[in-house]
Amino acid sequence: MPPADKAPASGPVPRMIRPANQRGVARLAAVQALYQMDVGGASLTEVVAEFENFRLGKEVDGEQYRNADAAFFRDIIAGVVREQRNLDPVIHTSLSADWPLSRIDVTLRAILRCGAYELVGRKDVPGKVVITEYVDVARAFFGDGDELRLVNAVLDTTARRLRPAEFEGDSRGRNG
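Residues numbered from 1 in each chain as written. Predicted model: local features only at pLDDT ≥ 70, side-chain atom pairs only at ≥ 80, totals over all residues. Heavy atoms only, no water.

A. Just helix α6 (residues 146-162), in detail. For α6, which comprises 17 residues, the first-to-last C-alpha distance of 24 Å matches the rise-based estimate of 24 Å (1.5 Å per residue) to within 8%. Along α6, the positions that sit buried rather than exposed are L148, V151, A153, V154, L155, D156, T157, T158, A159 and R160. (Helix = DSSP H or I, 4+ residues; strand = E, 2+ residues; numbered from the N terminus. Expected span 1.5 Å × (residues − 1). Buried < 20%, exposed > 50% of the residue type's maximum accessible area, 1.4 Å probe, protein only.)

Written as structure tokens, this is what we have:
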């Protein structure tokens, strides 16, 4: 598969994906770190140290990781861990009754928790930016599948409930 910023020599030209900025890389790394904590049982301190010392901006198994905004990465991870008991009910109310948060894929849960944390704890980041950024993170993990629509719908609903003033006059409806 060609790098995201280059078109293949022949065949259909894929939609160009904008290169990730340092905050975008931090968001992607935060989701990976939360996944690692959830699945592997690693502590917050262990995961942050591992990512900062061995992944962010480093070469791992022949792949160069991009630089990330380390402070933003730490804030997201620590914020999700600290606020998870408050974030999960917020996310849950944006899901359908027959699809509780506990039933959601581990990676999707991490994406939704990070997005919800930013909506609650990072008022400096506009809600629409949070939604777009985490849809892009979902795309990195799942391609263009149903997961993107789920992330968009849940974070859009959550953002409109938590930050209604940002969405006043937006006639696009619930799922944008």
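B. Seen up close, the nonpolar core. F73, I77, I111, C114, Y134 and V151 are the most contacted members of the largest nonpolar core, which totals 44 residues. Going through the elements one at a time, α1 (22-40), α2 (44-55), α3 (70-92), α4 (106-121), α5 (127-142) and α6 are the ones with two or more residues in this core. Leave out the neighbours within four places in its chain, and I77 touches A30, A33, L34, M37, L44 and V48. (Core = buried A, V, L, I, M, F, W, Y, C linked by side-chain atoms within 4.5 Å. Contact = heavy atoms within 4.5 Å.)

C. Geometry of the packing of aromatic side chains. Scanning the model with the defined rule gives two aromatic pairs in all. For the pair F141 and F142, a centre-to-centre distance of 6.4 Å together with 55 degrees between the ring planes defines the contact as tilted. (Phe/Tyr/Trp six-rings, centres within 6.5 Å; stacked < 30°, edge-to-face > 60°.)

D. Here's a closer look at the side chain of E118. You can see E118 is positioned in helix α4. Using a relative accessible area of 0% as the deciding quantity, one classes E118 as buried. Apart from residues no more than four positions distant in its own chain, E118 is found in contact with R27, F72, I76, K123, V125, V130, Y134 and R163.

E. Region of interest: α2. Here α2 is 12 residues long and its end C-alpha atoms lie 15 Å apart, about the 16 Å a rise of 1.5 Å per residue gives. Buried within α2 are the following residues: V47, V48, F51 and R55. The buried residues of α2 all sit within an arc of 100 degrees when viewed along its axis, so they share a single face. Structural note: α2 exposes T45 and F54 on the side pointing more than 90 degrees away from its buried face. Backbone geometry just downstream of α2 places G57 in the positive-phi region, at approximately 75 degrees. (Arc of directions from axis to C-beta.)

F. Fine view of the pattern of salt bridges. Counted according to the given criterion, the structure contains 15 salt bridges. The partner of R122 in a salt bridge is D75, and the shortest N-O contact between them spans 2.9 Å. You can see R122 sitting in the loop between α4 and α5 and its partner D75 sitting in helix α3, a full 47 residues away along the chain. Residue R122 is classed as buried on the basis of its relative accessible area, which comes to 14%. Residue classification places D75 among the partly exposed residues on the basis of a relative accessible area of 23%. Where E166 meets R163, a salt bridge forms, and the shortest distance between an N and an O atom there is 3.0 Å. Given a relative accessible area of 36%, E166 falls into the partly exposed group. Judged by its relative accessible area of 4%, R163 falls in the buried class. (Salt bridge = Lys/Arg side-chain N within 4 Å of Asp/Glu carboxyl O.)

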